[in-house]
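# Notes for the structure review
One letter stands for each residue in the lines below.
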Amino acid sequence: MTDPRIHLSPPDVTDVERKLLLEAFDSNWVAPAGPDLDAFEAGCAELVGVRHAVALSSGTAALHLGLIAAGVRRGDTVLVPSFTFAASANAVVYLGARPVFLDSTPESWNIDPGLVAAELRDRAVHGRLPRAVIAVDMYGQCADYEPLLDACDRYGVPLIEDAAEALGATYRGRPAGSFGLAGVLSFNGNKIATTGGGGMLVTDDSSVAARVRHLATQAREPVTHYEHRTVGYNYRLSNLLAAVGRGQLRRLPSMIEARRVTAEHYRAALGDLPGLGFLPVAGYGVPNWWLTCLLVDAAAFGAGRDAVLAELAARDIEARPAWKPMHLQPAYADCVMRGGAVAADLFHRGLCLPSGSALTGHDRDRVVAAVRSVAAGQKG
Ligand SMILES: *Cc1c(COP(=O)(O)O)cnc(C)c1O
């Protein structure tokens, strides 16, 4: 076999990014400040349709500082979907607060707005409202923000949008990242646009933006000596990486289009197989198609999810189970969970197919052939 390994979601960088990176290098703006950083922030703010963007070293850092801006402190609770990447919950724990996990809805795999409303109602009665709610835009599809923000606004609880996976998606015509007090973007190497590691906090609130910018630069006061009124962090993004990000932003529409074509191809080429389902596309928005995800019903398909993963691995194709929910993680074993059957089912039956924007037609055919062979093989 001479076919190269197919990765799940590898970085897709070209001469566009390379040229901008070398220009930044040659300009000697080799620091966590500079014109590329300013331009990258302006580009992200424009794309998300908000007034402020603060470039940070990771999406996790953006979550951490966003939660501080929301007022989260030691002993507080924060509502978090269980079905997410650990970073969404970790940032809560960094602050000495505790996540309360909520189940997802099968319609979008995102946090269930009905559960959020019920939890807030119940906690309001007992005077134990959470300090914040985190909603995550799972696999590039927005959560259902109308009911989520209705519930949060009713009780005055700020919402942080973890849009780390959803840059370029929309909800009722509004860009991912623009909902709630602040949005979080990630430019990690596996995301739809990458700087090789990086993140961004986006917000319409100028005091939130100023506070986050201050905290991200060691909370240095604007005086000549080193004066600190509070404990800060070293969370700024490098100007060099921001240059790469500028190139990725220019190419984002074509990268989203490539992933959409792949998602459509998988649906057309696998949709006839009994027992195979896809992450549903909710009618309220347009995803960025970050990862195409399958749900395998072993009885109808004739083989389980793990058999599909094993066949893909045997053909040197990287695929992954859907997120393992936080309420099933040893690190979060002592946290409260509301519901959980949906998240557990997604974990046990779900998998993510290779979806990178540089995936070729030949790559897609290899993936499709591998999945079909499992179904066909089992049916004899
Ligand atoms: C990737 C990701 C993050 C963290 O972003 P980093 O830039 O890797 O720190 C947070 N939340 C979700 C849902 C993610 O997928």
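For clarity, every value in this text was computed on a predicted model and none was experimentally measured. (Residues numbered from 1 in each chain as written. Predicted model: local features only at pLDDT ≥ 70, side-chain atom pairs only at ≥ 80, totals over all residues. Heavy atoms only, no water.)

### Looking at the domain arrangement of the protein
As far as domains go, the protein holds domain 1 (15-250) and domain 2 (252-379). On a C-alpha basis, the centroid separation for the pair domain 1 and domain 2 is 26 Å. Buried surface at the junction of domain 1 and domain 2, summed over both partners, amounts to about 3,700 Å²; 61% is from carbon and sulfur atoms. Among the residues of domain 1 in contact with domain 2, W109, Y139 and I192 are the three that bury the most area, contributing 23% of the side total. (Domains from an automatic or database assignment. Buried area = accessible area lost by both parts, 1.4 Å probe.)

### Here's the deal with the site of the ligand
In the neighbourhood of the ligand, 15 residues make up the surrounding shell, with T60, D162, E165, S186 and K191 lying closest. Side-chain polar atom of T60 to an oxygen atom of the ligand: 2.5 Å apart, as the coordinates give it. At 3.4 Å, a side-chain N or O of K191 approaches an oxygen atom of the ligand. Relative to its free-state accessible area of 380 Å², the ligand is covered by the protein chains to the extent of 94%. (Near = heavy atom within 4 Å. Polar contact = N/O pair within 3.5 Å; in protein donor to acceptor, adjacent residues only side chain to side chain. Areas by Shrake-Rupley, 256 points an atom, 1.4 Å probe, with all protein chains shown as cover.)

### Things to note about the nonpolar core
In this structure, L56, L67, Y139, Y145, L167, L185 and M200 are the most contacted members of the largest nonpolar core, which totals 99 residues. Two domains each provide a minimum of three residues to this core, namely domain 1 (15-250) and domain 2 (252-379). When neighbours within four sequence positions are excluded, L67 is seen to be in contact with V72, V78, A91, V92, L95, A132, I134 and I160. Counting residues in each nonpolar core, the second largest holds 24 residues, with I6, F301, L351 and V368 among its members. (Core = buried A, V, L, I, M, F, W, Y, C linked by side-chain atoms within 4.5 Å. Buried < 20%, exposed > 50% of the residue type's maximum accessible area, 1.4 Å probe, protein only. Contact = heavy atoms within 4.5 Å.)

### Here's the deal with the pattern of salt bridges
Across all of its chains, the model carries 21 salt bridges by this definition. Notably, a salt bridge pairs E41 with R213, separated by 3.3 Å at the nearest N-O pair. Remark: R213 occurs in helix α7 (residues 206-216) and E41 occurs in helix α2 (residues 35-48); sequence separation between them is 172 residues. Put simply, R320 and E318 hold a salt bridge, and the shortest N to O gap is 2.9 Å. Here the salt bridges do not stand alone but share partners, grouping D12, E17 and R251 into one network. (Salt bridge = Lys/Arg side-chain N within 4 Å of Asp/Glu carboxyl O. Helix = DSSP H or I, 4+ residues; strand = E, 2+ residues; numbered from the N terminus.)

### Focus: the side chain of D103
On the secondary structure map, D103 appears in the loop between β3 (98-102) and α5 (113-125). Although D103 lies buried, it forms no salt bridge, and the closest oppositely charged side chain, R338, sits 12 Å away as judged by the N-O distance. A polar atom in the side chain of D103 sits 3.0 Å from the backbone nitrogen of V342. A distance of 2.9 Å separates a polar side-chain atom of D103 from the backbone nitrogen of A343. (Lys, Arg positive; Asp, Glu negative; His and termini not counted.)

### Digging into the packing of aromatic side chains
Each aromatic ring pair is specified by the distance between its two centres and by the angle formed by the two planes. Counted under the stated rule, the structure contains 13 aromatic pairs. Centroid distance F101 to Y332: 5.4 Å. Interplanar angle 85°. Geometry classified as edge-to-face. You can see F101 sitting in strand β3 and its partner Y332 sitting in the loop between β13 (320-321) and β14 (337-338), a full 231 residues away along the chain. A relative accessible area of 0% means that F101 is categorised as buried. Relative to W290, the ring of Y139 lies with its centre 6.3 Å away and its plane at 20°, an arrangement referred to as stacked. In this pair, Y139 sits in the loop between β4 (132-136) and α6 (145-155) while W290 sits in the loop between β11 (285-286) and β12 (292-296), placing the two residues 151 residues apart along the sequence. Each member of the pair, Y139 as well as W290, carries the same accessibility label: buried. In textbook terms, an aromatic cluster arises when at least three aromatic residues are bridged by ring pairs, as seen for F83, F85, W109, Y139, W290 and W323. R305 extends its terminal NZ or CZ atom over the ring of F347, reaching a point 6.0 Å from the ring centre. (Phe/Tyr/Trp six-rings, centres within 6.5 Å; stacked < 30°, edge-to-face > 60°. Lys NZ or Arg CZ within 6 Å of the ring centre and 35° of its normal.)

### A closer look at the sheet that holds strand β7 (residues 174-175)
Judged by pairing direction, the sheet is antiparallel, and its three strands sit side by side in the order β7-β6-β11 without closing on themselves. The sheet is open, and its two borders are formed by β7 and β11, each paired with just one other strand. Taken together, the two bridges between strand β6 (residues 170-171) and β7 define a ladder with antiparallel strand orientation. Bridging from a neighbouring strand, T170 pairs with P175 of β7. (Pairing = 2+ DSSP bridges.)

### Structural notes on the layout of surface pockets
Looking at the largest pocket, its volume works out to about 490 Å³. What lines the largest pocket is a set of 30 residues, among which F85, N190, K191, W290 and W323 lie closest to the centre. Going through the elements one at a time, α3 (59-69), α4 (87-94) and β13 are the ones with two or more residues in the lining of the largest pocket. The element that contributes the greatest number of residues to the lining of the largest pocket is α3, accounting for three residues. Considering only residue class, the lining of the largest pocket consists of 13 nonpolar, eleven polar and six charged. Built from parts of two domains, the lining of the largest pocket gets at least three residues from each of domain 1 (15-250) and domain 2 (252-379). (1 Å grid on protein atoms, 1.4 Å probe; cavity = no way out; pocket = protein on both sides within 12 Å on 5 of 7 lines; lining within 4 Å. Points joined across faces, edges and corners; volume = space filled by probe spheres on them. Nonpolar A, V, L, I, M, F, W, Y, C, P; charged D, E, K, R; others polar.)

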